[in-house]
Amino acid sequence: MTAVTERYDPPTDATRGLHPITTDPVPEPTVQVGTTTLPMDPPYRAPLYRSSLARCPRQPLVPLPHGPTERAAPLFGEGLVRPEDADLTHQHPGEPLGERIRVTGRLLGSDGRPIAHQLVEIWQANAAGRYAHQVDQHPAPLDPNFTGTGRSLTDDQGWFSFLTIKPGAYPWRNHPNAWRPAHIHFSVFGRAFTERLVTQMYFPGDPLLEHDAIAGSVRDPKARQRMVARFDWEHTEDHWCLGYRFDVVVGGHLATPLEPAS
Amino acid sequence: MTTSTPSTATEGPSAPEHPALLPTPSQTVGPYFAIGLRWLTRPDLVPPGSPGALRLIGRVLDAEGRPVPDAVLELWQADPEGRFPPESAPGWTGFGRCPTDEEGRFAFTTVVPGPVGPGQAPHADLSVFARGLVQRLLTRVYFPGADPERDPVLAAVPPERRATLLAKPEGPGTLRFDVHLAGEDETVFFAW
Ligand SMILES: [Fe+2]
């Protein structure tokens, strides 16, 4: 009789893809603010993320004083987005397969203020881990009832809420046997062009998270946690869907104080 | 999930409602962004052929000089009077979004923006998103006639690198602005 043992596979250099990537003489990216040098996080040169190596800049970034162009932001209020665009489960004649979820959150500035009436765009794989995109060749089924794209304008308190299905994990070519944890891509606009942000939302308890080169491009573990949604009873609906809460906080590198809202 | 900073007693009763928050980190748009972002593809800030319209074309190239076919660019600029929404001219959004093609090419149709402040030469902000970029890259497109000594942003750029920010006339009504992510002609990118 063999005892059932708990098995845990901690991340290794191989599962994180460290070994195939050689170091090259790219300097550590930093931001210079006055006389203070701050590390970029995530740095453009992300050592575990192979595609970053040929695309990261080598020269130091130049601090951009925030002028009128940087303090303004695009407005998207003119009937561009319909309420049903936030429901990814009713874009086709049938319902998509998968675990129905509601992702609710707030768009906030780093000053803590909600960002009202601004655009949030999302995209994701289906429940099997396949994108409705011609480049995706993962041999997992497409779902004829799922496109995986949504958008919403935040309400006057910065809230957004998407009804969708939980995306599956999927393989990628970063290194042998590389798998992305389940995630939803988020693109948001802020009150200033400096607050433009694209990020990814991850799911709590995902065993792939600590192996992932993209989530792992963020060096600060506490900052990585800010990309992980939390399970949310409040938005879980009986016999309907599980709720997840994901707030998106936008702020620039240079922490320039924003002018008070008028 | 978030960290609050202590509020001072002088901030008044509304202060605790808005504790300072740490930002959500940036992540790459990945290879499949088109399904989420192409619905808002807007290469034309003004209709082609309208008065003052010019084409702003270019390519996105990587450290080896190879075209980047899976990037998306966002242009943001003032109207010809130097204004942004909601003060700008009716119909002016100031916002463009254009994916690159298989040769790394992009093309916007826009107009020369007006001056937005003292000493600021006509410019647009340009964001580059791509697979492999964990954060967007932010640069500025300067329209012809910019005086590098007077513009405060250009003046802060090392003189030998300023040319990477200047759009170059290429035939009538056309400006070229190539984006070199890295390499000998690496474009100047900004921290914001
Ligand atoms: Fe993805």
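Because the structure is a prediction, the values reported are computed rather than measured.

**Q** I keep staring at the confidence of the model for chain A and nothing clicks. Help me out?
**A** In low-pLDDT regions, the fine details of the predicted coordinates are not to be read closely. Of all residues in chain A, 82% attain a pLDDT of 70 or more, and the chain-wide mean is 88. When the criterion is pLDDT under 50, residues 256–262 of chain A qualifies, and its contacts beyond four places in sequence or with other chains add up to six contacts.

**Q** Is there a simple way to think about unusual backbone geometry in this case?
**A** Omega for the peptide link from D41 of chain A to P42 of chain A comes to 0 degrees, which places this bond in the cis form. Among the structural elements, P42 of chain A can be located in the loop between β2 (36–39) and β3 (62–63). Residue P85 of chain B is joined to P86 of chain B through a cis peptide bond whose omega torsion reads 5 degrees. Here P86 of chain B shows up in the loop between β2 (71–76) and β3 (95–99).

**Q** Help me understand the pattern of salt bridges in this model?
**A** Pairs can form between side chains of opposite charge once their charged atoms are near each other. One pass over the structure, following the stated rule, counts 25 salt bridges over all chains. Across the salt bridge formed by R105 of chain B and D101 of chain B, the nearest N and O atoms sit 2.9 Å from each other. A network of salt bridges, in which partner residues are shared, links R82, E84, D85 and R151 of chain A.

**Q** I would appreciate a short explanation of the environment of G105 of chain A in the present structure.
**A** All names here are of chain A. With respect to the helices, strands and loops of the structure, G105 is situated in strand β4 (residues 100–109). Between the C-alpha atoms of G105 and L242, which are 137 residues apart in sequence, the distance is 14 Å. Other than its neighbours up to four places away in sequence, G105 contacts G158, W159, F160, R245, F246 and D247.

**Q** Quick question: what am I supposed to make of the interface of chain B and chain A here?
**A** Often the size quoted for an interface is simply the accessible area lost on bringing the parts together. Of the residues lining the interface, 65 residues belong to chain B; the matching set on chain A comes to 83 residues. Counting each side, the surface lost to burial between chain B and chain A is near 6,400 Å², with a carbon and sulfur contribution of 62%. For the chain B face of the interface with chain A, the top three residues by lost area are Q27, Y32 and W192 of chain B, together amounting to 13%. Among the salt bridges present, the one from D70 of chain B reaches R55 of chain A, with a minimum N-O distance of 2.9 Å. Seen at the junction of chain B and chain A, the total is 33 residue pairs in polar contact (both at pLDDT 80 or more).

Reading the values: rules and limits
Residues numbered from 1 in each chain as written. Chains lettered and ligands numbered in written order. Predicted model: local features only at pLDDT ≥ 70, side-chain atom pairs only at ≥ 80, totals over all residues. Heavy atoms only, no water. pLDDT = per-residue confidence, 0-100. Contact = heavy atoms within 4.5 Å. Helix = DSSP H or I, 4+ residues; strand = E, 2+ residues; numbered from the N terminus. Salt bridge = Lys/Arg side-chain N within 4 Å of Asp/Glu carboxyl O. Buried area = accessible area lost by both parts, 1.4 Å probe. Polar contact = N/O pair within 3.5 Å; in protein donor to acceptor, adjacent residues only side chain to side chain.

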